[in-house]
Amino acid sequence: MVVLPINIPRCANIVRANRIGVCEYLPMASQMRRSLKPDRPGDTLLADERELFVARIEPGRIMGNKADAAREPVPTSHRLAVDVRNVSLTFATGDGKVEALSNVSLQIADGEFVSFIGPSGCGKTTMLRVIADLQQPTSGTLLVNGMSAEQARLERRYGYVFQAPALFPWRTIEKNLKLPLEIMGFSSSEQKQRAARYLALVNLTGFELKYPWQLSGGMQQRVSIARALSFDPALLLMDEPFGALDEIVRDHLNEQLLQLWDKTGKTVLFVTHSIPEAVFLSTKIVVMSPRPGRIVDVIDCSFPRDRTLEVRESPEFLKIAQRVRAGLRAGHSYDE
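On a predicted model such as this, the values are computed, not experimentally measured, just so you know. (Residues numbered from 1 in each chain as written. Predicted model: local features only at pLDDT ≥ 70, side-chain atom pairs only at ≥ 80, totals over all residues. Heavy atoms only, no water.)

**Q** Mind showing me how you'd approach unusual backbone geometry here?
**A** What is expected of a backbone is that most residues other than glycine have negative phi and most peptide bonds are trans. A cis amide bond, omega 0 degrees, links Arg 291 with the succeeding residue Pro 292. Locating Pro 292 in the fold gives a position in the loop between β11 (284-288) and β12 (295-300). Residue Arg 156 is not a glycine yet carries a positive backbone phi of 55 degrees. For Arg 156, the position within the fold is in the loop between α5 (149-154) and β8 (158-161). Here the phi dihedral of Glu 240 falls at roughly 45 degrees; this positive angle occurs in a residue that is not glycine. Relative to the assigned elements, Glu 240 resides in the loop between β9 (235-239) and α9 (247-264). Glu 240 sits in the buried class, given a relative accessible area of 16%. (Helix = DSSP H or I, 4+ residues; strand = E, 2+ residues; numbered from the N terminus. Buried < 20%, exposed > 50% of the residue type's maximum accessible area, 1.4 Å probe, protein only.)

Right, here's the structure in full:
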């Protein structure tokens, strides 16, 4: 018998268990009692739960062959949250085929904030939907947190924030946030705790019993973000969530989103049409061409995590923004 280390903070959480290299034992991790609160700092396994992380391993596989060595845990700082290789997608329509994506390859590290920018119809949202397994590529390979996109979807490894808040008008804010938790079978007490925790995270404590129509557009979108985070996914997919908001509200939500990203450590994939928004939010910007969607440039941003809106006046910010514009021109984004 080989006993896996169980004294690692929060290792009971399935997502974090995957990150520390015990992904082969997720079926056991999923058996843990729901009373355990795995996503609070400092939580560890209880004594009677340690046996869940005891696995019988064949002696020959310890320090095994090359195939086993290739599966050795990758350090968290280098682990890929998304690995896209040569992905293309073609839609069949009534008047012919439409090539939405063409030979897209992209690697996104765990914990990054990556923005996709390009003209309308270039495949930004399609790329997000392929990663979410809402659409399947025609060719190429795709891994999400080291597994297929389908498996990641079935294991609820991502939360999705749409362009519109998509809140049910007959449900209170608290009940809207609880909806995925209800579907997943969380206990009533756990639903209550998570609703309170994530509403506080987006500064909406006190609005639990309000209805969507009683909140501003920006507040509704914050509820949508809290709902997507409520079941603690590893990946947050955001499809132009602030596009319909005015500039003042948008700036405020950009700052709040950065704070949220810093607190949660999630990997964020963000679609936008705004160059300043992409540069301000991102650790990496993916510039895409008009259809068929191709990656024209991938730009790294190294601003501090606690940056404020004032960074937009810095020479480095303006330099990166100019490179994004140059990439869009190179991809002929201004021809449409």
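**Q** Looking at this structure, how should I read the sheet that holds strand β7 (residues 147-148)?
**A** Two modes of strand pairing occur in sheets, parallel and antiparallel, and in both the strands are linked by backbone hydrogen bonds. Across the sheet, 4 strands lie side by side as β4-β3-β6-β7; this open sheet has antiparallel pairing. Two strands lie at the open edges of the sheet, namely β4 (96-109) and β7, each paired on one side alone. Two strands pair when backbone bridges link them, and strand β3 (residues 80-93) and β4 are joined in this way by 10 bridges, in the antiparallel orientation. Bridging from a neighbouring strand, Thr 90 pairs with Glu 99 of β4. (Pairing = 2+ DSSP bridges.)

**Q** Help me understand the packing of aromatic side chains in this model?
**A** Geometrically, a pair of aromatic rings is defined through the distance of the ring centres and the angle of the planes. Following the criterion strictly, the structure yields 6 aromatic pairs and no others. Here Tyr 160 and Phe 162 contribute two aromatic rings whose centre-to-centre distance is 4.6 Å and whose plane-to-plane angle is 20 degrees, an arrangement assigned as stacked. Here Tyr 160 falls in the buried class, since its relative accessible area comes to 12%. For Phe 162, a relative accessible area of 37% gives the class partly exposed. Relative to Phe 317, the ring of Phe 303 has its centre 6.0 Å away and its plane inclined at 35 degrees; by these criteria the two rings are tilted. Residue Phe 303 is located in the loop between β12 and α11 (315-330), and its partner Phe 317 is located in helix α11; the two are separated by 14 residues in the primary sequence. Among the aromatic residues, those joined into a ring-pair cluster are Phe 113, Phe 242, Trp 261 and Phe 270. One Lys or Arg, Arg 307, reaches over the ring of Phe 280 and ends 6.0 Å from the middle of that ring. (Phe/Tyr/Trp six-rings, centres within 6.5 Å; stacked < 30°, edge-to-face > 60°. Lys NZ or Arg CZ within 6 Å of the ring centre and 35° of its normal.)

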